[in-house]
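Below are the chains, spelled out letter by letter.
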Amino acid sequence: MTSKVLAILEVFEMQLRPLSQGQIVELTGLPQSTAHRLLSELVAWGALSRDDNGRYQVGMRLWELGQHAGRQLRDISRPFIQDLHSLTRETAQLAIRDGSDALYIERVYSSKRVPRASRVGGRLPLHATAVGKVLLAYEEDWVREALFRQGLHAVSPHTHVDPARLRDELVTVKEQGFATAAEEVRAGVCSIAVPVFHRDGPVGAGLGLVMASASSGNMTRHLPTLRGVSRQIELATAHVPLSTILRVMTPGGA
């Protein structure tokens, strides 16, 4: 029964619009009667809510529960992300690895007109983002190879999906200590990121800036600021066990 409930909730991970019971049945493959009963229970508990048209959407209680994921890292890092934004006037963000995705746990938006590709709690493929490339570059070899075996899909026409090319790029990222991405997720957007290390050794997060593609030629001017803020976060989170940081990466904590 737990798997059936999770199947319903999983539908809303990719669908941002409210869904009818029929659409949920189609997407999950559950029988109508089972879906109706579980949806009623989820609404009663607060995990889902219904709009005026009887369609279902994520409920406030589930959203509130989700805010506890990674809260310690988010709460500690937030003032530094705000500082990064204030010093650069660009969109500043912090992400961790969640399987093959970069999971964004904090972000401060710039007032500049830059297309938005993600949000706090949102995900993007590791291989298509600067923060993701930083996380991959400092991961163990088997993690990268597992990702390559899954196949790399193109988020935009500029996404790097050739494993050989990406391997070489990640070597360079680790050597120079930063990663960049130019319109690999959305047209008109570029990004730069540096690693945030943990006292126990592994990279704990990726810290980045997102800006208009017109700024791609001089993104590296922000590297001293990025590295300085990364070091502040590293020092501020030194007391947080690595297991606590990694626990938000997957439901099982792996």
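Residues numbered from 1 in each chain as written. Predicted model: local features only at pLDDT ≥ 70, side-chain atom pairs only at ≥ 80, totals over all residues. Heavy atoms only, no water.

Caption draft 1: Main features of the sheet that holds strand β7 (residues 189–197). Spatial ordering of the open sheet is given by β5-β4-β3-β8-β7-β6, a layout of six strands whose pairing is antiparallel. Edge strands, defined here as strands with exactly one partner in the open sheet, are β5 (123–125) and β6 (179–182). Within the sheet, the average angular offset between the axes of one strand and its neighbour, ignoring direction, is 30°. (Pairing = 2+ DSSP bridges. Helix = DSSP H or I, 4+ residues; strand = E, 2+ residues; numbered from the N terminus. Axes fitted to C-alpha atoms, helices over the stretch in contact; angles between N-to-C directions.)

Caption draft 2: Structural detail: unusual backbone geometry. Phi is positive for Arg89, close to 65°, though the residue is something other than glycine. Relative to the elements of secondary structure, Arg89 occurs in the loop between α5 (71–88) and β3 (91–98). Look at Glu183: it is not a glycine, yet its phi comes out positive at around 55°. Residue placement: Glu183 occurs in the loop between β6 and β7. Judged by relative accessible area, Glu183 falls into the partly exposed class, the value being 23%. (Buried < 20%, exposed > 50% of the residue type's maximum accessible area, 1.4 Å probe, protein only.)

Caption draft 3: Up close: the pairing of strand β4 (residues 101–108). Extensive coverage of β4 is indicated by the burial of seven of its eight residues. Pairing of β3 with β4, which is carried by seven bridges, proceeds in the antiparallel orientation. From the neighbouring strand, Asp98 faces β4, where its bridge partner is Asp101. Connecting the antiparallel pair β3 and β4 is a turn made up of two residues, with Gly99 showing a positive phi of about 65°. Bridge count between β4 and β5: three bridges; the pairing is antiparallel. Among the inter-strand pairings, Leu103 is bridged to a residue of β5, identified as Arg123.

Caption draft 4: Representation of the pattern of salt bridges. For the structure shown, the criterion picks out ten salt bridges. Its salt-bridge partner being Arg78, residue Glu106 comes within 2.8 Å of it at the nearest N-O pair. Remark: Arg78 occurs in helix α5 and Glu106 occurs in strand β4; sequence separation between them is 28 residues. The class of Glu106 is buried, set by a relative accessible area of 8%. With a relative accessible area of 27%, Arg78 lands in the partly exposed category. Its salt-bridge partner being Arg123, residue Asp98 comes within 2.2 Å of it at the nearest N-O pair. Here the residue Asp98 occupies a position in strand β3, and Arg123 occupies one in strand β5, the gap between them amounting to 25 residues. What makes Asp98 buried here is its relative accessible area of 10%. Overlapping salt bridges, with partners in common, bring together Lys133, Glu169 and Glu184 in one network. (Salt bridge = Lys/Arg side-chain N within 4 Å of Asp/Glu carboxyl O.)

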